[in-house]
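This is what each chain is made of:
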Amino acid sequence: MIDASISELAAALAARRISSVELTRLFLDRIAGPGAPLNAFIAVDPERSLAQARAADGRIAAGAAGPLTGIPIAHKDIFVAEGWPSTCASRMLANFVSPYDAHVIERFNAAGAVILGKTNMDEFAMGSSSEASWYGAVRNPWDTGRVPGGSSGGSAAAVAARLAPAATGTDTGGSIRQPAALCGVCGLKPTYGVVSRYGMIAFASSLDQGGPFARSAADLAALMNVMAGFDPRDSTSLERPAEDYARELERPLAGLRVGVPSEYFGAGLAADVAAAVEGAIEALERLGAEVVDVHLPNAGLSVPAYYVIAPAEASSNLSRYDGVRYGYRATEYDGLIDMYRRTRAEGFGPEVKRRILVGTYVLSHGYYDAYYLKAQKIRRLIARDFAEAFKGCDAIVGPTTPSVAFRLGEKVDDPVQMYLNDIYTVAANLAGLPALSIPCGFAGGMPVGLQLVGDYFAEARLLGIAHRFQQATDWHRRTPQSFA
Amino acid sequence: MKWETVIGLETHVQLSTRSKIFSGASTAFGAPPNTQACAVDIALPGVLPVLNRGAVERAIRFGLAVGAEVRRRSVFARKNYFYPDLPKGYQISQFEAPIVQGGALRIVLADGAERAVRLTRAHLEEDAGKSLHEDFHGMSGIDLNRAGTPLLEIVSEPDMRSAAEAVAYARALHALVRWIDICDGNMQEGSFRCDANVSVRPRGAAALGTRCEIKNLNSFRFLERAIEYEARRQIAIIEDGGRIELETRLYDPDRDETRSMRTKEEAHDYRYFPEPDLLPLEVSEAWLAEVAASLPELPVARRERYVRDLGLPAQDAATLTASRETADYFEAVVAGLAEAEPGGERPAQAKAAANWVAGELAGALNRTGVEIGASPVAARALARLIARIRDDTISGKIAKEVFDAMWAGEAGGENAADAIIERRGLRQITDAGALERIIEEIVAANPAQVAEYRSGKEKAFNYFVGQAMKATKSKGNPAQVAEILKRKLAG
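Computed from a predicted structure; not experimentally measured.

Novice: Would you mind showing me how to read the domain arrangement of chain A here?
Specialist: Note: interface size is frequently given as the accessible area lost on complex formation between the parts. Residues and elements named next belong to chain A. Here chain A is described as being made up of domain 1 (6-255 + 394-483) and domain 2 (300-375). For domain 1 versus domain 2, the separation of C-alpha centres amounts to 27 Å. On the domain 2 side, the residues contacting the 27 residues of domain 1 number 25 residues. For the domain 1 and domain 2 pair, buried surface summed over both sides reaches about 2400 Å², with 66% attributable to carbon and sulfur atoms. Counting every contact that joins domain 1 to domain 2 gives 0 salt bridges.

Following this line, the structure appears as structure tokens:
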């Protein structure tokens, strides 16, 4: 059952081979048992989860089940859920219990899915290793001495270790795709505006996008069918007709042109990762795809631009955590300014503070034009590069990350090295494009991710390519030994 | 040295939407603290702003009313600063691309002279909450009911040269925003708040002096006094050889002075940047046309029409267009008069109506604090009263007595004036024979005054008018009385 796909689970529930309560208990037990050392969850609440499971069983019995009814799903602790702690892995929100549901949570609740728990992450989604959490580092199920990637590391690790059939995450610069790659699971970052940001705690508003984690592209499609959709409470949410993200799963790859950007295969890419990715590209060719060269000449500027824009927005988004209305407040202080200082000094971790400082700096009088405005110009150039590239191909393919999972603590003291982990992923966020990562091999026993970037609203096409690849390969079926 | 004061005003106009600019919470005034603050207003994690269309429509109305450019595409920006009553740690405002750019407000000064004050811009933004510094045992309370209330900040050019001009501008602006239904204008509740940028320079100098921004001017009187004080303060400093520091000052009405709030060094770096949670605001041509079609005739247009079509003096026209209610009332009186005396001359009717609306009626409204819309004397009833003066049924003086009785509710309906005139027996004595007899008696009884008058002391004439009015209980037709008196005294 722990290896079953969402559609298999739904079939088992429908046939009453298992109940949602049993299924939920199964995964809760895994989280508390073999999963415990991974530290993938910030909060579980068996009573709450099982109550939802019982309701789902009722719905199934009444014949009113949908594709996700009764399926337990883990949510990144960046999505607020009514009655659940919603901490963003920060001391600042350690005591915060949300009085409302995020749009994504509402959609899953309406579909009858069960909230399995809230997953661990980098504080306020700032990080690429899930080490920057008030609740401690998450560990990679393939090697617990290594990081799972981040910031949605808890969700990726939970899906990889079969602690949850599926999970949600958010991706601001690669926070879904990079941990998916490092943990050997599938993750999709949709087109900006496809998934509502309402109730998704903001890191960098113009880049943040929610998306699913699962073990197959087909499961990602099933999750997207629930997560995506217009929400009038998010002004950047796109009002488009509902679509079936599974509609292109069976489409053959014949005639597909996959673009390979040379910029993604240069220095900095580990040789064994490159080998796995090249193997995957050959597999796509065997399936009928035509491989073409494309160019993303400004690719090298994406990390610098990203690390101006994202901190700028974050510095403003995180101003609300001031100790006045909710969340952490320093216990001792002398007057208002001291209260602010101590609250924020004690409530935020070092990486969050670093980004607030950088963001404040780049928006300051006299620096705005040189940093923020210039970064926005680069952002437009990067979007234009993609637009040019998509004239000659249907999807861009390459590595998700430059290397496999690194060791815990390896890059904690070197933020620039940490940031370079996002080198292949941030461009899609800057351009607002959909992108996914799927497992495509191993290097030194650790999973390697293949990234596919599509044109705007090409999620279904990307999922189709991934699905055909997964029908021909079994990388996505591999399970870390201790969690099989 | 002769000094010139230069003033520009920044006015925060609270827009009269039922819900807030970025949330669905109510904007009603006076609710218990924090009962009108939803998740968005208190800035819970994860919430997002959604722009209120009604607030934008009101900004467009204003832009059209002042002949400004309404931008087809404007941008919201975040103004970042920490304050306990600012829940997000930033205010959503507009910075580089405000919705309203330029325009002008035409004002009428006390001497009837008209001039235009140019507007720099008007932009949409959200209000902050309120800090409550009492009743919390040494702590401060925060009330977020006002947080997110829609504001239009209207910025003028430094086009005013005296406190009186600034007040005329503020009054005209106040009248306009109420006229076009975008603000209730309630200054006590903070719906219309002015900040004044004041500087002084030697008369004739081209360059502007260093300005100070004065805050907390929540009445026209405070505005006037604060500017006067501030100009005196600045002149005294310069004449003493000092320099004016760029700073923000607070007006203290109790002491009638301004005092420093923060200097340039303490000024915030607001780190404005485009608000990523909101798309640029697009205003379509169709929407613009729709809003334009819904605008009422504007005060300036009415003023010009009153002068052009009704022959009113400019000053009267300005007074009558101080509010839409006053103008509407005035026009109803004119219409009532035209109906009461179909052949009457329009300009004379209009002038009579103007005198009564701006005179007796305005006085009564002021004394009692009643709004013109709730006047106990309806426009058509007032028209009938004026008609009775014009057809010589009563004198102007008696008419005031009748008006007071109408105000007091002695009779109701359109014909209240007639009812009171009849009941009180106030009809004018126009019987020439009767008047002649009364005047002959007065002349006969006052030989000394007659002699005085005949010796050239014209003033004595007034004595006889007074006597005649007394004898007729003011009912003598004044023109007739004067005519008969002249004849009799000429002897």
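There is more to say, and it comes next.
Novice: For this particular structure, what's the right way to read the sheet that holds strand β16 (residues 273-274) of chain B?
Specialist: Note: strands within a sheet are paired through backbone hydrogen bonds, in either parallel or antiparallel orientation. Strand order in this open sheet of 3 strands is β5-β4-β16 (chain B), and the pairing throughout is antiparallel. The open sheet terminates on both sides in strands that have one partner only, identified here as β5 (90-94) and β16 of chain B. Note that strand β4 (residues 76-80) of chain B and β5(B) share 5 bridges and pair antiparallel. Within β5(B), the residue paired with B:Asn80 across the bridge is B:Tyr90. Of the strands in this sheet, β4, β5 and β16 of chain B touch helix α9 (residues 302-317) of chain A, which is tilted by about 65° from β4(B).

Novice: Could you clarify how one ought to interpret the packing of aromatic side chains in this entry?
Specialist: In the structure shown here, the tally under the stated rule is 28 aromatic pairs over all chains. Ring geometry for A:Phe124 and A:Tyr321: centres 5.0 Å apart, planes at 35°, overall tilted. Separated by 197 residues along the polypeptide, A:Phe124 in the loop between β3 (114-119) and α5 (153-160) and A:Tyr321 in the loop between α9 and α10 (335-347) bring together distant segments of the chain. Classification of A:Phe124 as buried rests on a relative accessible area of 1%. For A:Tyr321, a relative accessible area of 3% corresponds to the buried category. Through pairs of rings, three or more aromatic residues link up here, namely A:Phe96, A:Phe124, A:Tyr321, A:Tyr326 and A:Phe348. Across from the ring centre of B:Trp287, 4.0 Å away, lies the NZ or CZ of B:Arg53, which sits over that ring.

Novice: What should I look at first to understand the pairing of strand β11 (residues 446-454) of chain A in this one?
Specialist: Consecutive residues of a regular strand have side chains that alternate between opposite faces of the sheet. Residues and elements named next belong to chain A. With respect to burial, β11 is a largely interior element, 9 of its 9 residues being buried. Bridge count between strand β9 (residues 395-399) and β11: 5 bridges; the pairing is antiparallel. Along β11, the bridge assignment pairs Val397 with Leu452. Where strand β10 (residues 435-443) lies against β11, 8 bridges are found, and the strand directions are antiparallel.

Novice: Explain helix α3 (residues 46-61) of chain A to me, please; I cannot follow it from the model alone.
Specialist: For the α-helix, the turn length of 3.6 residues means that residues three or four positions removed from each other point alike. Residue and element names in this part refer to chain A. For α3, built from 16 residues, the straight-helix expectation of 22 Å at 1.5 Å per residue is met to within 8% by its first-to-last C-alpha distance of 22 Å. If you check which residues of α3 are buried, you get Ser49, Leu50, Ala53, Ala56 and Ile60. For α3, the angular spread of buried residues about the axis comes to 115°, placing them on one side. Seen from the open side of α3, the exposed residues pointing more than 90 degrees away from its buried face are Glu47 and Ala55. In this structure, the buried side of α3 is in contact with α1 (6-14), α2 (20-32) and β3. Looking one or two residues beyond α3, the residue adopting positive phi is Gly63, at roughly 75°.

Novice: Could you clarify how one ought to interpret the side chain of B:Arg58 in this entry?
Specialist: All names here are of chain B. When you line up the elements, Arg58 lands in helix α1 (residues 53-65). Buried charge without a salt bridge: Arg58, with Glu57 as the nearest opposite-charge side chain at an N-O distance of 5.3 Å. Those residues within four positions of Arg58 in sequence are excluded, and the remaining contacts are Leu15, Ser16, Thr17, Asp181 and Ile182.

Novice: Which parts of the structure should I look at to understand the interface of chain B and chain A?
Specialist: The interface is formed by 29 residues belonging to chain B together with 38 residues belonging to chain A. Between chain B and chain A, roughly 2700 Å² of surface is buried when both sides are summed, and carbon and sulfur atoms account for 58% of that area. The largest contributions to the chain B side of the interface with chain A come from B:Pro45, B:Phe82 and B:Arg271, which together make up 23% of the buried area. On inspection of chain B and its partner chain A, the count reaches 1 salt bridge. For B:Asp277, the salt bridge is made with A:Arg197, and the minimal N-O distance between the two is 3.0 Å. The interface formed by chain B and chain A contains 17 residue pairs in polar contact (both at pLDDT 80 or more). Broken down by secondary-structure element, the contributors of at least two residues to the side of chain B that touches chain A are β4 and β16 of chain B. Split into classes, the residues belonging to the side of chain B that touches chain A amount to 21 nonpolar, 3 polar and 5 charged.

Thresholds applied
- Residues numbered from 1 in each chain as written.
- Chains lettered and ligands numbered in written order.
- Predicted model: local features only at pLDDT ≥ 70, side-chain atom pairs only at ≥ 80, totals over all residues.
- Heavy atoms only, no water.
- Domains from an automatic or database assignment.
- Contact = heavy atoms within 4.5 Å.
- Buried area = accessible area lost by both parts, 1.4 Å probe.
- Salt bridge = Lys/Arg side-chain N within 4 Å of Asp/Glu carboxyl O.
- Pairing = 2+ DSSP bridges.
- Helix = DSSP H or I, 4+ residues; strand = E, 2+ residues; numbered from the N terminus.
- Axes fitted to C-alpha atoms, helices over the stretch in contact; angles between N-to-C directions.
- Phe/Tyr/Trp six-rings, centres within 6.5 Å; stacked < 30°, edge-to-face > 60°.
- Buried < 20%, exposed > 50% of the residue type's maximum accessible area, 1.4 Å probe, protein only.
- Lys NZ or Arg CZ within 6 Å of the ring centre and 35° of its normal.
- Expected span 1.5 Å × (residues − 1).
- Arc of directions from axis to C-beta.
- Lys, Arg positive; Asp, Glu negative; His and termini not counted.
- Polar contact = N/O pair within 3.5 Å; in protein donor to acceptor, adjacent residues only side chain to side chain.
- Nonpolar A, V, L, I, M, F, W, Y, C, P; charged D, E, K, R; others polar.

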